[in-house]
Amino acid sequence: MNIFTQRVNTFIIPTNKIQKVLFDPRKNKIFYEKSTVAVRTGGNKLNPVEVFVNVDFQNLKNNGAEIPESNRLNLYDREILNSVISLYNAGNQYFSPNMVLNVLSGNKAYKNGNRKSITLNNHKEIISSLEKMKQTFITIDASREGQIFNKKEYSYSGSLLLFDWTNGISLNNNSVRDCINLLKYPPLFEYSKLRKQLASTNVELLGVLSNRSIHILIKGYLLRELLWMKYSKKRKTVIRYDSLQDYLGLTLSGNEDNINHQRKTLRDNVKKCFDYWITEKFIHGYSEEKERNIFSKIVVQL
């Protein structure tokens, strides 16, 4: 069977609080420690509005007592899920791991027929991430939240990403070894859509930096911060390098020269993104500022 896929023009970013916590290693430990977690989505400390979430990681233990670190949900998985959501939203039920990466490269992975930018390691990382989400089972009970906010109640119980690996499929007249058949709306996308907690942007904005996982995380973080700035007047138009380091889990180490080099590498990657987004007319400009004689933040001109 041959299937013609649809080009992805829009990158979809769910902004619900469940997704923010579930994929962040700094915050998601609670899901591994408790059977059910109340995720606060509104209200206040005295009268919180909560969604009850249970995540079953039993299939990820590899017959051991603990879940290996490599099998825990992480920030890269979040970007992979957003790419899958964007593919599905564009009308693609069937797609390949390389198509997932192509979205995260701003549709540039195959530009001019060049496939060299998609490495075997990229392919393995994506398959591992997809399989991890397939084997993670999640239960969401947002009924009380729906009642309080007078919105449609939502509940789900099943795989975080429900799909089959399908053989004998050709995509755009090319045979595909590993083809994903997505069987159901990703639940976190469905929930975000109901709650109108979705951000989106032109997928071409992802066409900067390489396909390395660290670069994918940098682009994702910066884009979400900029979209937040554009949406909320309360959000300061400042991005701090130490906040980005913390998000990425980077620890500066070594002698002073090594630390300065690590800082410069991160700054250079951020500035490459911003320079590209200026040419794409996504932002107008930016400037760096110092604290204690060290470049500490970027001020963005939207």
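Calculation notes
Starting from 1, residues in each chain are numbered consecutively following that chain's sequence as written. Only residues with pLDDT of at least 70 get local features here, since the model is predicted, and only at 80 or more are side-chain atom pairs given and counted; chain-wide, interface and lining totals rely on the full set of residues. Water and hydrogen atoms were dropped before computing side-chain values, which therefore reflect all heavy atoms in the structure. Basic side-chain nitrogens of Lys or Arg form a salt bridge, by our definition, when they fall within 4 Å of a carboxyl oxygen of Asp or Glu. Every helix listed is a DSSP run of H or I at least four residues long, and every strand listed is a run of E at least two residues long, numbered separately from the N terminus. With a 1.4 Å probe rolled over the protein chains alone, any residue whose accessible area is under 20% of its type maximum counts as buried; one over 50% counts as exposed, and the rest are partly exposed. Fitted lines through C-alpha atoms give the axes, limited to the stretch in contact for helices. The angle between two N-to-C directions lies from 0 to 180 degrees. Comment on the angle field: the value is read as roughly parallel under 35 degrees, roughly antiparallel over 145, roughly perpendicular from 65 to 115, and oblique elsewhere. A clockwise turn of the near helix away from the far one marks a right-handed crossing, whereas an anticlockwise turn of less than a right angle marks a left-handed crossing. A contact between two residues is defined here by any heavy atoms of the two lying within 4.5 Å. DSSP-based pairing: two strands are paired if at least 2 bridges between them are found. Cavities and pockets are defined on a 1 Å grid built over the protein atoms alone: a cavity is a set of grid points where a 1.4 Å probe fits but cannot escape, while a pocket is an open set with protein on both sides within 12 Å along at least five of seven lines, and lining residues are those with an atom within 4 Å of any such point. Grid points are joined across faces, edges and corners, and a volume is the space filled by probe spheres set on the points. Note on residue classes: Ala, Val, Leu, Ile, Met, Phe, Trp, Tyr, Cys and Pro are nonpolar, Asp, Glu, Lys and Arg are charged, and everything else, Gly too, is polar. This arc is built from the directions going out from the helix axis to the C-beta atoms. Like-charged residues within 9 Å of one another, or nonpolar side chains (Val, Leu, Ile, Met, Phe, Trp, Tyr) within 5 Å, are grouped into patches, provided each residue has over 30% relative accessible area and no salt bridge. Per-residue and other accessible areas were derived by the Shrake-Rupley procedure at a 1.4 Å probe size, with only the shown protein chains allowed to occlude residues. For the purpose of charge, His is not counted, nor are the chain termini; Lys and Arg are scored as positive and Asp and Glu as negative. To locate a charge, take NZ of a lysine, CZ of an arginine, CG of an aspartate or CD of a glutamate.

J.: Let's hear about the pattern of salt bridges: which residues, and what values?
T.: Under the defined criterion, the tally for this structure stands at 15 salt bridges. Put simply, K132 and D77 hold a salt bridge, and the shortest N to O gap is 2.8 Å. With K132 in helix α5 (residues 120-134) and D77 in helix α3 (residues 75-89), the pair connects residues that are 55 residues apart, well separated along the chain. A residue is classified by how much of its surface remains accessible, and K132, at 6% relative accessible area, is buried. One salt bridge in this structure joins R240 and E291, with 2.9 Å as the shortest N-O distance. Taken together, the residues span a long stretch of sequence, with R240 in strand β13 (residues 238-240) and E291 in strand β14 (residues 285-291) at a distance of 51 residues. Here the salt bridges do not stand alone but share partners, grouping R240, D242, E289, E291 and K297 into one network.

J.: Any details on the environment of S128? Residues and values, ideally.
T.: For S128, the position within the fold is in helix α5. It is 9.3 Å that separates the C-alpha atoms of S128 and S70, two residues lying 58 residues apart in sequence.

J.: Residues and numbers for the packing of helix α8 (residues 213-231) against helix α9 (residues 241-248), please.
T.: It is at 11 Å that the axes of α8 and α9 come closest, and there the two elements cross at 130 degrees. If you check the angle between α8 and α9, you find them oblique. Regarding α8 and α9, the two cross each other, and that crossing is right-handed. Packed against α8, whose contacting residues are I214, L217, I218, Y221 and R224, the element α9 presents S243, L244, Y247 and L248 at the interface.

J.: Mind laying out unusual backbone geometry, listing which residues take part and the relevant values?
T.: With a phi close to 70 degrees, N173 is a non-glycine residue in the positive phi region. With respect to the secondary-structure elements, N173 resides in the loop between β9 (170-171) and β10 (174-175). Residue R292 is not a glycine yet carries a positive backbone phi of 55 degrees.

J.: Help me get a handle on the pairing of strand β11 (residues 179-182), residues and values and all.
T.: The alternating pattern of β11 places C179 and N181 and I180 and L182 on opposite faces, both of which are buried. Examined bridge by bridge, strand β5 (residues 94-95) and β11 share two bridges and lie antiparallel to one another. Looking across to β11, one finds that Y94 is bridged to N181.

J.: Tell me about the sheet that holds β5, and name the residues and values.
T.: Across the sheet, which stays open at both edges, the three strands sit in the order β5-β11-β8 with antiparallel pairing between neighbours. With one partner strand each, in any of the chains shown, β5 and β8 (163-166) form the two edges of the open sheet. Sheet topology places β8 next to β11; four bridges connect them, and they run antiparallel. Paired with T166 across the two strands is C179, which belongs to β11.

J.: Can you lay out the layout of surface pockets for me, pointing to particular residues and giving the numbers?
T.: By volume, the largest pocket is sized at about 870 Å³. Contributing to the lining of the largest pocket are 23 residues, with T15, K20, R78, R224 and W228 lying nearest its centre. No other element matches the six residues that α8 contributes to the lining of the largest pocket. Classifying every residue of the lining of the largest pocket by side-chain character gives 10 nonpolar, four polar and nine charged.

J.: Tell me about helix α4 (residues 97-104), and please be specific about residues and values.
T.: The element α4 is largely enclosed, with a buried count of eight among its eight residues. After α4 finishes, the residue G106 shows a positive phi value of roughly 70 degrees.

J.: Please provide a residue-by-residue account of α9, values included.
T.: For α9, the complete set of buried residues consists of Y241, L244, Q245, Y247 and L248. The arc that holds every buried residue of α9, seen down its axis, measures 160 degrees, which confines them to one face. Of the residues flanking the end of α9, it is G249, one or two places downstream, whose phi is positive at about 75 degrees.

J.: Which residues make up the sheet that holds strand β15 (residues 294-301), and what values go with them?
T.: Working definition: the strands of a sheet are paired by backbone hydrogen bonds and lie parallel or antiparallel to each other. Here three strands make up an open sheet; going across it, the order is β13-β15-β14 and the pairing antiparallel. Either end of the sheet is taken by a strand with one partner, and the two such strands are β13 and β14. Between one strand and the next, the sheet's axes are offset by a mean angle of 25 degrees, whatever the strand orientation. Note that β13 and β15 share three bridges and pair antiparallel. Its bridge partner lying in β15, R240 is registered against K297.

J.: A description of a positive patch on the surface should follow, citing residues and the corresponding values.
T.: Together, K17, K20, K27, R40 and K45 make up a region of like positive charge exposed at the surface. Mapped onto the fold, K27 is located in the loop between α1 (17-22) and α2 (29-33). Judged by relative accessible area, K27 falls into the partly exposed class, the value being 45%.

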